[in-house]
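Breakdown of the fold
The primary structure of each chain is shown beneath.
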Amino acid sequence: MGKIGCTIDGNLDDSKFSEPMPWIGIYVAGASAVCALAMAMDVLHGLRHRKFWFPCNYFSLNATTLTLLAVATKLSVDLNTSMPRRQDQLTKLSSATLICTVISNFMPSLGLMENKELLMNIMALGIFVITAIVNIGIQLATGVIYVFCKEHIALMFLMLVLLLLLISSAVAIPTTKCYLDLKYNKRYKLANKECGITSKCTTENLKDELMKFWTMAYTASPHFVAGRLATCTASGGFCLLSTVIYAEAMLRSYFLHWSFNFCNGDSEYKWSTTLILVTQTVAIGVGTIAPAFRWFVAINYNCPKKTNNACKAKLFKLENYWIRILLQWKESPLEFRICGRHGRKFAHKTKNRLLDFCIWMQIMMVSLSKLVRLISTFSVSWLLISCRKAIRMLKCNNMVSES
């Protein structure tokens, strides 16, 4: 008689190892549904209160949402489970797209964090994203992911770009918040002074004063400021691009299925992969709304005319708040002591070179964000003009045909 857990010939009995996998799939689908629900609540709150930068009241960057994201995207980091069918491979792609969507949704929540909390959350998200990229790359190499290879490579690139945009925003947030606090206090004192001078409180004066204070509080909101950064609006464009890539792959797999050679067999997750795929598709669709709105609102109000030279000049202008904290770190001495003059000199040079690289990366990411916004503005402007011309031509043709 064999030992417990062993077969008759003494080998490990692994026949029941895969039995819990469909239940794990339900767990993954449940985490994806919670992410979708939280993002949907943020969208509804933003639409209801006409806050079209969509503040992150329910789905912000913290330990809870990072844990949910790790569970929801388990399939994208599963290195050795066979995924032969169409829905299995699409689920791998949907998990990668969900990561891009979630990163873009996190952007406005950076404004509410303290510096230490901001650093820890960014580091945690960075470790998760890099791990996901490496694992997807391993699966592409080993053949676990054998279709949609181009789409996966594009999504891996977008993940990295979105992570860098998030880091770039986080670097600018502390300086921006200090600047806003100073500006708000200055305007608050000025408003109080003006209110004291006009002591006659009529209804119209009271409305004007309330409007002043409301505008000050509205524009000094950390959510609003973070949501209006160039990096945040650019992330909306990249998020929309990731959704388009996923939609293209899904439509191609269902309507041009003869161009794919999907394998036969069944995944260990069995029927739960279909549930995961549906849930994550809904989460991607809902999660794309807020970043897409931020992107569209930004390009709608920036550079309405292509011939606006002031806007073109502003594109390549780097505001001080983007790199101010990096310059402060570069100018400040090292806090720890290193024995020996050569050791201190080496550490100082290494720190300066590292910060020079960070400043260069920051400048590059901000320039990229502004370039994306300009290209988007030109494209949308051209599209709107073309649509208006087409509508006018149709109206003219109808009038000619009726006459």
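None of these values were measured; they are calculated from a predicted model.

1. Quick word on the side chain of Ser109
- Mapped onto the secondary structure, Ser109 falls in the loop between helix 3 (86–106) and helix 4 (115–142).
- Overall, the relative accessible area of 3% leaves Ser109 in the buried class.
- In this structure the side chain of Ser109 is engaged in a polar contact, spanning 3.2 Å, whose partner is the backbone nitrogen of Leu61.

2. As for the packing of aromatic side chains
- Throughout the structure, instances matching the rule amount to 5 aromatic pairs.
- Seen in terms of ring centroids, Phe54 and Phe293 are 5.3 Å apart; in terms of plane orientation they differ by 65°. Their pairing is edge-to-face. Pair noted here: Phe54 is in the loop between helix 1 (21–48) and helix 2 (63–72) and Phe293 is in helix 9 (residues 272–301), with a separation of 239 residues, a long-range link.
- Ring geometry for Tyr321 versus Trp322: centroids 5.2 Å apart, planes at 35°, classification tilted.
- Relative accessible area serves as the criterion here: at 27%, Tyr321 is assigned to the partly exposed category.
- In this structure Trp322 comes out as buried when scored by relative accessible area, which is 1%.

3. Quick look at the packing of helix 2 against helix 3
- Two elements in contact, helix 2 and helix 3, have axes separated by 10 Å at closest approach and are oriented at 165°. Here helix 3 runs roughly antiparallel to helix 2, going by the angle between their axes. Between helix 2 and helix 3 lies a crossing of right-handed hand. On the side of helix 2, the interface is formed by Thr65, Leu66, Leu69 and Ala72, while helix 3 contributes Ser95, Leu98, Val102 and Phe106.
- When the residues that make up the contact of helix 2 with helix 3 are grouped by side-chain class, the tally is 6 nonpolar, 2 polar and no charged.

4. Description of a nonpolar patch on the surface
- The grouping of Leu79, Ile130, Val134, Ile138 and Leu160 at the surface amounts to a nonpolar patch, some 380 Å² of accessible area in total.
- Looking at the secondary structure, you find Ile130 in helix 4.

Analysis parameters
- Residues numbered from 1 in each chain as written.
- Predicted model: local features only at pLDDT ≥ 70, side-chain atom pairs only at ≥ 80, totals over all residues.
- Heavy atoms only, no water.
- Helix = DSSP H or I, 4+ residues; strand = E, 2+ residues; numbered from the N terminus.
- Buried < 20%, exposed > 50% of the residue type's maximum accessible area, 1.4 Å probe, protein only.
- Polar contact = N/O pair within 3.5 Å; in protein donor to acceptor, adjacent residues only side chain to side chain.
- Phe/Tyr/Trp six-rings, centres within 6.5 Å; stacked < 30°, edge-to-face > 60°.
- Axes fitted to C-alpha atoms, helices over the stretch in contact; angles between N-to-C directions.
- Parallel < 35°, antiparallel > 145°, perpendicular 65-115°, else oblique.
- Left-handed = near helix turned anticlockwise from the far one by under 90°.
- Contact = heavy atoms within 4.5 Å.
- Nonpolar A, V, L, I, M, F, W, Y, C, P; charged D, E, K, R; others polar.
- Patch = residues over 30% accessible without salt bridge, like charges linked within 9 Å, V, L, I, M, F, W, Y side chains within 5 Å.
- Areas by Shrake-Rupley, 256 points an atom, 1.4 Å probe, with all protein chains shown as cover.
- Salt bridge = Lys/Arg side-chain N within 4 Å of Asp/Glu carboxyl O.

The values are spatial; any link to function lies outside them.
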